[in-house]
Amino acid sequence: MNLTRQQNSNGVLTKERLDDIKEKFDQGLYPQWLFSDPYVFELERDKVFGYTWQYLGHESELKEPDDYVTRWLMDDPVLLVKNKQGEINVFLNSCSHRGTHLCTADMGNRKTFTCPFHGWSFNTDGKLMGVVAGNRVFGNKMVKPEWNLRKIPRVETYKGLIFGNLDKNAIPLEDYLGELKWYFDLFLARSDGGMEVIGSPQRWVVNTNWKIAAENFGGDPYHVATTHKSTVELGISPQDPLYASYGHQVRLNNGHAINVSSSENGLNVPPYQGLPKEMWPMFEKNLTKEQLEVYKNTVVIVGNCFPNLAFHSPVHGSEGHLHNYLTLRIWRPIALDKTEIWSWLLIDKAAPEEYKKDAYKGYVASFGPSGTLEADDTEIWTRVTKASKGKIARDRNLNFNNVLNYMMGMDKIEPDQSWPGPGIAYPTCFVDFASRGIHDYWLELLSAERDE
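This one's a predicted model, so the numbers in the text were calculated from it and none came from an experiment.

### Describing the sheet that holds strand E4 (residues 76-82)
An order of E5-E4-E3-E6 is seen for the four strands of this open sheet, with the pairing classed as antiparallel. Pairing within the sheet leaves two strands with one partner each, and these edge strands are strand E5 (88-92) and strand E6 (107-109). Sheet twist, expressed as the average angle between the axes of neighbouring strands with direction ignored, equals 25 degrees. Where strand E3 (residues 67-73) and E4 come together, six bridges link them in antiparallel fashion. By the bridge assignment for E4, Tyr 68 is matched with Val 81.

Next comes the structure, spelled out in structure tokens:
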């Protein structure tokens, strides 16, 4: 898409304006109107979500032949279904006849999918099987295979995670994940059998811009002591206001970001996030020496896989008992100021069954839709979104010095050269390097010249 045509009457994103945004980013300044501009949001639909790998689900959600789940790639409905051969097919969830949203159920087991509009039916390989009054209305010239369900252009997996991409020329998923794979493996590959989804994903809608949520998980442990102050008052979190700063923030390639919190933060957590001792030999077998060095003293892992897959592996609990789990989050933009959150709970397949049940309770109590920590975060995100809608906040020419502060750590904190993992690691999580990395890559995508 040619940048000379990427402008409205105010010239929001001419090349000159993009250069101005880049200059601000380099100074640790973020123009607030980028959270609330409808033209920017429309560009994101195409230039961000049209060309990046996005999470669709986990292989463990499709256990048996004919199992299916329905998901979204931003605005595109997606159908994932396991065929008789055990392969997972991924289709646009839209009838090839007149475009009807084909399957509206969240999940199930079905041999065929029949369109409620005109009755066309498709099997689990997407093959068009039945056409109502076929030869009578279409004659013998209709070539059925030409009307099979349309496949998502690119689908690839990593350690059980299923990703889709609308760009048929996209780089391979593993190249896109890049440095993030090393950290993903700390929870995806640590135990025999990997992870499995427990229950179905929970969903709710928050009146916020998706970028606010992405950077909150990817690069903002600074908010923890204040936003989640209630957990400190209840004795759940340490009294030390710096406890969320202990550890490393790592800026990764392709806009990915992660924070690895260490046991220095005052939480009395046993090694390996308190997972059962009988599982430790698996970790020592499956992880590298460098990964074990990092993981042994880790308390919390939280980050964001660009653009909108967040991951959080904490130690939480209920009834006084702490347990580890993994929650995967999708920030699905459904409007400029409205985001649908999809939240999965994953636990090691090899974990004891009782541990899995207790971990699920800890997840629901902390990060379920009405969880204590979840309610804290979403309240703040809506406030940022509301405050970004006013005239001053939307001033594109920065006449009111209209920028937000992303300067934490600049010219003060140097990378930790001894860090054993990939990426640029900083010896504290109270820095903005990861957040700036998210927005830098976002701007790179918006600035990219692409053939239409």
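### Side note on the packing of helix H2 (residues 38-47) against helix H13 (residues 433-447)
Taken N-terminus to C-terminus, the directions of H2 and H13 make an angle of 80 degrees; their axes are 10 Å apart at the nearest point. With respect to H13, the element H2 is oriented roughly perpendicular. Together, Val 40, Glu 44 and Lys 47 of H2 and Trp 442, Leu 445, Leu 446 and Ser 447 of H13 make up the contact between the two elements.

### Points about unusual backbone geometry
Going from Phe 306 to Pro 307, the amide bond is cis rather than trans, its omega being 5 degrees. Assignment of secondary structure puts Pro 307 in the loop between strand E16 (298-305) and strand E17 (309-313). We note that Ala 133 has phi near 55 degrees; this positive angle belongs to a residue other than glycine. Note on placement: Ala 133 falls in the loop between strand E9 (128-130) and helix H3 (134-138). Taking relative accessible area as the criterion, Ala 133 reaches 40% and is therefore assigned partly exposed. One non-glycine residue, Lys 159, lies in the positive phi region at around 50 degrees. For Lys 159, the position within the fold is in the loop between strand E10 (154-158) and strand E11 (161-165).

### Here we look at the nonpolar core
Grouped together as the largest cluster of nonpolar side chains are 95 residues, with contacts concentrated most on Phe 184, Phe 283, Phe 311 and Trp 442. When near neighbours in sequence (up to four residues on either side) are disregarded, Phe 184 contacts Tyr 158, Leu 161, Leu 177, Ala 189, Cys 305, Leu 309 and Phe 311. In this structure, Leu 79, Cys 95, Cys 115 and Trp 120 belong to the second largest nonpolar core, which totals 15 residues.

### Considerations on the environment of Ala 213
By the element assignment, Ala 213 lies in helix H6 (residues 210-219). Given the relative accessible area of 1%, Ala 213 is considered buried. Along the sequence, Ala 213 and Ala 310 sit 97 residues apart, while their C-alpha atoms lie 8.8 Å from each other. Leave out the neighbours within four places in its chain, and Ala 213 touches Trp 331 and Trp 381.

Basis of the calculations
Residues numbered from 1 in each chain as written. Predicted model: local features only at pLDDT ≥ 70, side-chain atom pairs only at ≥ 80, totals over all residues. Heavy atoms only, no water. Pairing = 2+ DSSP bridges. Helix = DSSP H or I, 4+ residues; strand = E, 2+ residues; numbered from the N terminus. Axes fitted to C-alpha atoms, helices over the stretch in contact; angles between N-to-C directions. Parallel < 35°, antiparallel > 145°, perpendicular 65-115°, else oblique. Contact = heavy atoms within 4.5 Å. Buried < 20%, exposed > 50% of the residue type's maximum accessible area, 1.4 Å probe, protein only. Core = buried A, V, L, I, M, F, W, Y, C linked by side-chain atoms within 4.5 Å.

By themselves, these observations are geometric and do not establish any function.
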